[in-house]
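Observations on chain architecture
Chain residues, written in single-letter form:
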Amino acid sequence: MREGLAPGAEVTVTIVEEEPPSEKVLSLDELFALRRPPFRSGAEIDAELRRQREEWDD
């Protein structure tokens, strides 16, 4: 119920179909192909931790 309408008021609801987005919608396979791999090497993990520690020290 919207504010300002009487509880017993009659209303009209209009449904308008919107145009599809102009940009291409990616498939699930395309999204997975674009993401960073979930597993990293030990060296990559160490480098990330060092980078974060340096940020904390600044």
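What counts as what
- Residues numbered from 1 in each chain as written.
- Predicted model: local features only at pLDDT ≥ 70, side-chain atom pairs only at ≥ 80, totals over all residues.
- Heavy atoms only, no water.
- Helix = DSSP H or I, 4+ residues; strand = E, 2+ residues; numbered from the N terminus.
- Rg over C-alpha atoms; globule rule 2.2 N^0.38 Å.
- Buried < 20%, exposed > 50% of the residue type's maximum accessible area, 1.4 Å probe, protein only.
- Areas by Shrake-Rupley, 256 points an atom, 1.4 Å probe, with all protein chains shown as cover.
- Lys, Arg positive; Asp, Glu negative; His and termini not counted.
- Charge placed at Lys NZ, Arg CZ, Asp CG, Glu CD.
- Salt bridge = Lys/Arg side-chain N within 4 Å of Asp/Glu carboxyl O.

**Structural notes on the overall build of the protein chain**
Scanning the protein chain from terminus to terminus reveals two helices and zero strands. What you see for the protein chain is a C-alpha radius of gyration of 26 Å, clearly larger than the 10 Å of a compact globule of 58 residues, by over 25%. Seen through its principal axes, the protein chain has C-alpha atoms that stretch 65 × 35 × 20 Å. Counting over 58 residues, the protein chain shows a buried share of 0%. Of the roughly 6,400 Å² of accessible surface on the protein chain, a fraction of 54% belongs to carbon and sulfur atoms. Averaging the positions of the 8 positive and the 15 negative side-chain charges in the protein chain gives two centres separated by 10 Å.

**Focus on the pattern of salt bridges**
Counted by the stated rule, this structure contains three salt bridges. A salt bridge links K24 to E30; its shortest N-O distance comes to 2.7 Å. Given a relative accessible area of 59%, K24 falls into the exposed group. E30 gets classed as partly exposed once you look at its relative accessible area, which sits at 28%. Where R51 meets E48, a salt bridge forms, and the shortest distance between an N and an O atom there is 2.6 Å. With R51 and E48 both in helix α2 (residues 42-57) and three residues apart, this pair spans about one turn of that helix. Connected through shared salt-bridge partners, E48, R51 and E55 make up one network.

**Observations concerning the environment of G42**
Looking at the secondary structure, you find G42 in helix α2. For G42, a relative accessible area of 46% puts it in the partly exposed group. Spatially, the C-alpha atoms of G42 and E30 are 27 Å apart, while their sequence positions differ by 12 residues.

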